[in-house]
Amino acid sequence: NRRFVLASRPKGAPVAENFRLEETDLPKPADGQLLLRTVYLSLDPYMRGRMSDAPSYAPPVALGDVMVGGAVSRVVESKDAHFKPGDWVVAGSGWQDYAVVDAKLARKLEGDALKHPSLALGVLGMPGFTAYMGLLDIGEPKAGETVVVAAATGPVGSLVGQIAKLKGCKVVGIAGGEEKCRYAVEHFGFDECLDHRAANLGQRLKEACPRGIDVYFENVGGAVFDAVLPLLNTKARVPLCGVVSQYNAQELPKGEDRLTLLTTAILKKRLRIQGFIIFDDYGHRYPEFAKQMSEWFAADKIKFREHIVQGLENAPASLNDVLEGKNFGKLVIQVGKE
Ligand code: NDP
């Protein structure tokens, strides 16, 4: 059993030395537990936060502990009546070949979910749930409004855009590079998508949003938020989902204090900016998401893109790819055969 543990805490971007690959004996499940073999491991931006011991909404991974992560796995041994060997499950297995988890914390994949099991880590799982609740419950998009979202080809952003289209909105994406932008329009059905790496994002965004922005789904922060802020309409809603451009930052950006620009905009435009942590705030509404998303998915209304990397050994480098935008679609590590 191979597993990656946290060896040291990163300063800035994670480096190879922050992780240690260990070999261990197979763990044994106790009553009420399952032994799982990892097939697909999800890599997500939040993992950078768990490597740090700065105060946050969730405790950090302790030094020497297995890196956290959601995974799609097969049951090898079950000490719970609801599961049998061979079942597909989603659980917090972490970065390892095999894991023992409490059966009550594992979700069995059934029906259509078995056609494409890895999607339980993307549009049909946590990132999809995040897009759905953040957009609909906090963003409250109405037909005819303009919705803007960055990281537009990732699992969260691509779904935010597609759901906003289903609700009759105009959708403008922001992504890194021309290829991703073209894909957001052609594959995901965005009305427009702008490259944040090219010059004059603020001006191009203004031209793309002639009636201003009613909902800005915040995934990245930094320069993108700077471009968005002046374009927000009165009573705009900003679901604050993530600020991935800042996850490797070690201190606040240098320069003059621009906080008043933000607070004044909030006051004058009566903006509603609300952070959320998906399972803490909305865990009780997962069944609603699962039902609606499976209906949309079965009706072919939802598109997805996965970026699958082979081999657990590539997980550390791939996490950096997610943080730097080198992924193109939902980053999944294939750890073992199906
Ligand atoms: P993605 O797969 O979209 O990966 C992150 C993307 O962020 C990169 O691909 C890159 O896309 C973009 N990015 C990275 N650095 C920058 C930068 N400096 N400026 C602009 N864009 C940048 O991730 P997810 O869809 O999984 O997650 C999206 C966001 O949602 C993250 O902030 C994540 O933390 C957050 N999240 C929050 C949850 C919650 O409960 N609040 C739950 C799940 C996710 P590109 O190349 O297009 O710029």
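Residues numbered from 1 in each chain as written. Predicted model: local features only at pLDDT ≥ 70, side-chain atom pairs only at ≥ 80, totals over all residues.

1. Considerations on the packing of helix 2 (residues 126–139) against helix 9 (residues 286–298)
For any two helices packed against each other, one specifies the inter-axial angle together with the distance between the axes. One way to put it is that helix 2 packs onto helix 9 with a least axis distance of 10 Å and a crossing angle of 100°. The angle between the axes of helix 2 and helix 9 places the two elements in the roughly perpendicular class. Between helix 2 and helix 9, the residues in contact are G128, F129, Y132 and M133 and Y286, F289 and M293, respectively. In terms of residue class, the contact of helix 2 with helix 9 is made up of six nonpolar, one polar and no charged. (Axes fitted to C-alpha atoms, helices over the stretch in contact; angles between N-to-C directions. Helix = DSSP H or I, 4+ residues; strand = E, 2+ residues; numbered from the N terminus. Parallel < 35°, antiparallel > 145°, perpendicular 65-115°, else oblique. Contact = placed C-beta atoms within 7 Å. Nonpolar A, V, L, I, M, F, W, Y, C, P; charged D, E, K, R; others polar.)

2. Overview of the environment of K108
Along the chain, K108 turns up in strand 7 (residues 107–108). With 95 residues separating them in the primary sequence, K108 and Q203 have C-alpha atoms 48 Å apart. Residues in contact with K108, not counting those within four places in the same chain, are F83, D87 and V89.

3. A short note on the pairing of strand 9 (residues 170–175)
For strand 9, the buried fraction is high: six of the six residues fall into the buried class. Across five bridges, the pairing between strand 8 (residues 146–150) and strand 9 is parallel. Among the inter-strand pairings, A150 is bridged to a residue of strand 9, identified as I174. With respect to chirality, the unit in which strand 8 leads through helix 3 (residues 155–166) into the neighbouring parallel strand 9 is right-handed. As paired elements, strand 9 and strand 10 (residues 192–195) share four bridges and run parallel to each other. From the neighbouring strand, A175 faces strand 10, where its bridge partner is D195. Between strand 9 and its parallel partner strand 10, the chain crosses via helix 4 (residues 178–186), and the hand of that crossover is right-handed. (Buried ≥ 20, exposed ≤ 12 C-beta atoms within 10 Å, placed from the backbone. Pairing = 2+ DSSP bridges. Right-handed = clockwise from strand over helix to strand, strands pointing away.)

4. Regarding the site of the ligand
What surrounds the ligand is a group of 31 residues, the closest being G154, G176, G242, S245 and G325. Of all the elements in the fold, those that place two or more residues in the shell around the ligand are helix 2, helix 3 and helix 6 (222–228). The greatest single-element share of the shell around the ligand, amounting to three residues, is contributed by helix 3. Split by residue class, the shell around the ligand holds 17 nonpolar, 12 polar and two charged. Of the residues that make up the shell around the ligand, three or more belong to each of domain 1 (2–122 + 305–334) and domain 2 (126–279). (Near = placed C-beta within 6 Å. Domains from an automatic or database assignment.)

5. Examining the nonpolar core
Soluble globular proteins tend to bury their nonpolar side chains together. By size, the foremost hydrophobic cluster in this structure holds 94 residues, and its most contacted members are L36, Y40, V148, A152, V160, Y216 and V228. Each residue touching V160, except ones within four places of it in the same chain, is listed here: A131, L135, V149 and F217. (Core = buried A, V, L, I, M, F, W, Y, C linked by C-beta atoms within 7 Å.)

6. Thoughts on the confidence of the model for the protein
With 100% of its residues at a pLDDT of 70 or more, the protein shows a mean pLDDT of 97. In the model output, the complex is listed with pTM 0.98 alongside ipTM 0.99. (pLDDT = per-residue confidence, 0-100.)

7. Concerning the UniProt feature "domain: Enoyl reductase (ER)" (unreviewed entry) in the protein
Here, UniProt's "domain: Enoyl reductase (ER)" (unreviewed entry) annotation points to residues 14–333. As annotated, residues 14–333 has a helix share of 29% and a strand share of 24%, and its two end C-alpha atoms lie 18 Å apart. (UniProt positions renumbered as here; feature names shortened; annotations may be inferred.)

8. Examining the domain arrangement of the protein
One can read the domain layout of the protein as domain 1 (2–122 + 305–334) and domain 2 (126–279). Distance between the C-alpha centres of domain 1 and domain 2: 28 Å. With 15 residues of domain 1 at the interface, the matching set in domain 2 holds 16 residues. Per-class residue counts for the side of domain 1 that touches domain 2 are five nonpolar, six polar and four charged.

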